[in-house]
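Overview (structure and organization)
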Amino acid sequence: MIRHAVRRLLHARTFTAATIATLTLGIGGTVAVFTVVNGVLLQPLPFARADRLVDVSHTLVVSGLLHVDQSDATYLLYRRDNRTFTDVGAYRATAVNAASADDADAGQSAKRVPAMLATASTLRVLRARAERGRLLSERDDEIGAPPVAVISDALWRRDFGADPRILDRGIVVDGVRRQIVGVLPPDFEFPDRAPALWLPLQLDPANTRSAAFDYKVVGRLRDGASLATATADLDRILPHVPEVFPGRLSAGAITATHMHPVVRSLRDVVVGDVGRVLWVVLGAVALLLVLACANVANLFLARAELRQRELAVRSALGAAQGQLLLELMSEGIVVSAIGGALGLGLAAGGVRVLASLTAAAAIPRLGDVRIDATVCAATAAIAAACALIVSALPLLRLDGASLARALVSSGRAATGRSRNRARRLLVVAQVAMAVVIVFAAGLFARSFARLRAVNPGFAADRAVTFRVALPTVAYPTTADAAQLAVRALADLSALPGVQTAGVVTKLPLDEEARQDSAVFIEDRPLRKGEIPDLHEIDFATPGYFGAMGIPLLAGRLFAAPEPNGAPAQGPPEVVVSAAFAARYWPGGPAHAIGHRVRMTARDPWHTIVGVVGSTRGDGLDQPPSENVYCPLVTTNAAGAPWIPRDLAFVVRSSGSSAPATVPIERTMRAIDPGLPLYRLMPVRALLANATARTVFTILLLSIAAIVATAVGACGIYGVISYLVSLRTREIGVRLALGAQAGDVRRLVTRQAVVDAAAGVAIGVGAALLLSHVIGAAAPDAGAADPAPLGAAAAVLMVTAIAASWIPARRAARLDPAIALRSD
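All of these numbers come straight from a predicted model, not from anything done at the bench. Counting from 1, residues in each chain are numbered in the order their sequence is written. pLDDT decides what is reported in this predicted model: residues at 70 or higher carry local features, side-chain atom pairs at 80 or more are listed and counted, and totals for whole chains, interfaces and linings draw on all residues regardless. Excluded from the side-chain calculations are hydrogens and water; all other atoms, namely the structure's heavy atoms, are used.

**Concerning the packing of helix H24 (residues 741–777) against helix H25 (residues 786–812)**
Whenever a helix is involved, its axis is fitted only over the stretch in contact; in every case the axis is a line through C-alpha atoms, and angles between N-to-C directions fall within 0 to 180 degrees. For the purposes of this entry, the term helix denotes a DSSP run of H or I that reaches at least four residues, the term strand denotes a run of E that reaches at least two, and both are numbered from the N terminus. Direction vectors running N to C along H24 and H25 enclose 155°, while the axes themselves pass 8 Å from each other. Relative to H25, H24 is oriented roughly antiparallel. Here H24 runs over H25; the crossing is right-handed. Gly is placed with the polar residues, together with every amino acid not listed as nonpolar (Ala, Val, Leu, Ile, Met, Phe, Trp, Tyr, Cys and Pro) or charged (Asp, Glu, Lys and Arg). Of the residues that constitute the contact of H24 with H25, the class distribution is 22 nonpolar, two polar and two charged. Here the angle decides the label: under 35 degrees means roughly parallel, over 145 means roughly antiparallel, 65 to 115 means roughly perpendicular, and every other value means oblique. What makes a crossing left-handed is the near helix being turned counterclockwise from the far one by less than a right angle; a clockwise turn instead makes it right-handed.

Now the structure itself:
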């Protein structure tokens, strides 16, 4: 049966190519997106019994509801007193300057590599194993233990040439020589990043910072324990933290902030809110698949009706009706199977292309996306469903009665209003589904346009940025680190074409080195039990604001550090953002000048001397950040000079383009050959990274929208062409009686417009019902915005008119004499 179906399809090559191409596009797009959804959302994390792994954090109410991680004190007490975890581990992602001991001894520069500071229990909780050597141990966690490191398989192969004697070698990390004690296997993947180094996180129970929530915690639930019971268990322990580890996290602070532990599935934390976006995209391509099946079903229906007389004759000669129906169905099976196979190949290539896109970096777990048994099984199920869908309508239409009518009819095919109505209903459905897909793409495009229109608060053109980390071993004192920053700014500013340069700890739209702190306002004393709000604290040089194009709105900037690296003379000063000033002194930026703030009750009061423009620190869809900018070199609570060690430099050109990176690298290498630069990029890349997820979604939906529009156009064209062929005699009569070519064109086009209008109306209604679902995944999309909906309707109406134009023009050019002699 299949062999005969293949032969028949080979005789109808145009029909076969059209159906297979349509199904390949529909199945390929659906399988490609399902592969991403499967790898990111459905597959468990790559650890033993990953369903028992959880993330432990806290919620508290300070300036709204906040999520914070763990302090060393909360982690230590939770680990000691919990009843619902087999174990918990604390870790903190970082980056370090690293080089093999041999390279360091030879004077070669270190590289900036991702690293993980982790307790030994972290790798045990994940049930990791060492490919060579051992993992971190409890002894490594002790204060003063010999410095060791566990390295990734990738680092072992890249920097150590897969040396089998790796355990005899060392690695220099931030100037400290460490013994390599183990190598992780190549298939070990950490949930949210790929650290090259694992270093012991040595927490000192005698010197905790209970209010510094700097660590993430992963736990493994005991059998029978649930998220709710684990949360209740930790809620029982939290009030005892101030008793066991006295510090800034007091019982009053816990009560005032409504602080509570939160236990969540580790997979849910890793994936975040990207699931909403991926489900919307999968829904769109699933609609595309249904649309493709409807188009192919229409083609199969037309083909089956053209063969009605042949099938009727065979039925009259004794062929069983079931055999004839199975013969028709076998063609649907063949084209669906071929479309499924080609679609799987198309999906495999599409996934590789998607993973290579820069915007794809915004999608977590993309490394887990691959064509696996689940994807192959899903492809087979989709192909089987397609075979059923494309065969169902022809099978329902070709019953015994229709075959009998076809035998006595004189036409080439038995036609009627019911059959034409079925074809037209399929076209209406195709148009309606295409409207929804085009609307989804338009909604995300609208979201992207609105994000791009948001003023980020800085000038992204003509500037580049890079980061350096100053290790304590190489820069042991504050003066050493400050002198490096001062000299680097002077040398960079002296480069040809450079207008200005500055330093800051955290750039806008970048989570690197973020630091939040409670801020006390001198003229706003706190009531009993009240705690100050949290704000972002950045340390900067005065040149940073000019280098980033952040305007000074009122007052002045604080002074630069002394040439020898000492803090500027005089009382402590700060600059605040306009959003911060408006929060506490709403009369305008100038009203904040002269007021004083401090970050802890032990700090001296800092005078606000200037107000600068607000930037979007957390995202273009988030409100402007309320920042407090402190001088890069300042004094700590004890009055000693202090400078942050992880710095972002910004260099602005005086010309029309960003400064060249080679002179910048050469200048920094001349200052310190062993200090690696990392994240060297145009400042404009900050904007690109902030919109990467939306761009990725728009790309997928745009492809789906284009294909959906094309498939819809093909469906309209096919049906109109078929109807024109059936009405050849009628059109010939009209022309013979004096109808004009324009009348015939309008007659044919009117039918397409009516069907398309019905499909658009249904599609608009469906899009309105789904707008909140789609809009929830598109930041700042404005789901009720009529522009994307109107655009989708217009695109499909224009497509319908264009698709009907060719058959309409062909009908208008018919020779009446030939038409009247047609069957």
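**Points about the pattern of salt bridges**
Within this document, salt bridges are pairs made up of a side-chain nitrogen of Lys or Arg and a carboxyl oxygen of Asp or Glu, the two lying within 4 Å of each other. Inspection of every chain in the model, using the stated rule, returns 27 salt bridges. The salt bridge involving Glu 131 is made with Arg 129; its shortest N-O contact spans 3.0 Å. Throughout, exposure labels follow a simple rule: accessible area from a 1.4 Å probe, protein chains only, divided by the maximum for the residue type, with under 20% read as buried, over 50% as exposed, and the rest as partly exposed. Accessibility expressed as a relative area gives 42% for Glu 131, which makes it partly exposed. What makes Arg 129 partly exposed here is its relative accessible area of 48%. When the shortest N-O distance is used, the salt bridge between Glu 522 and Arg 596 registers 2.6 Å. With Glu 522 in the loop between strand E15 (520–521) and strand E16 (534–540) and Arg 596 in strand E19 (residues 596–598), this residue pair connects regions lying 74 residues apart in the sequence. When its relative accessible area of 36% is taken as the criterion, Glu 522 is described as partly exposed. Owing to a relative accessible area of 29%, Arg 596 belongs among the partly exposed residues under this scheme. Among the charged side chains, a salt-bridge network with shared partners connects Arg 79, Asp 87, Arg 124 and Glu 138.

**Focus: the packing of aromatic side chains**
Note on aromatic pairs: the rings of Phe, Tyr and Trp (six-membered ring only in Trp) are paired at centre separations within 6.5 Å, and the planes decide the class, stacked below 30 degrees, edge-to-face beyond 60, tilted for the rest. Counted according to the given criterion, the structure contains 13 aromatic pairs. Taking the centre distance of 5.0 Å and the plane angle of 90° together, the rings of Tyr 91 and Phe 190 count as edge-to-face. With Tyr 91 in strand E3 (residues 85–100) and Phe 190 in the loop between strand E8 (176–183) and strand E9 (197–200), the pair connects residues that are 99 residues apart, well separated along the chain. Each of the two residues, Tyr 91 as well as Phe 190, counts as buried. Consider the rings of Phe 580 and Trp 585, whose centres lie 6.3 Å apart with planes at 55°: the pair is tilted. Note on accessibility: Phe 580 and Trp 585 belong to one class, buried. Through successive ring pairs, a cluster of aromatic residues spans Phe 47, Tyr 91, Phe 188, Phe 190 and Trp 198.

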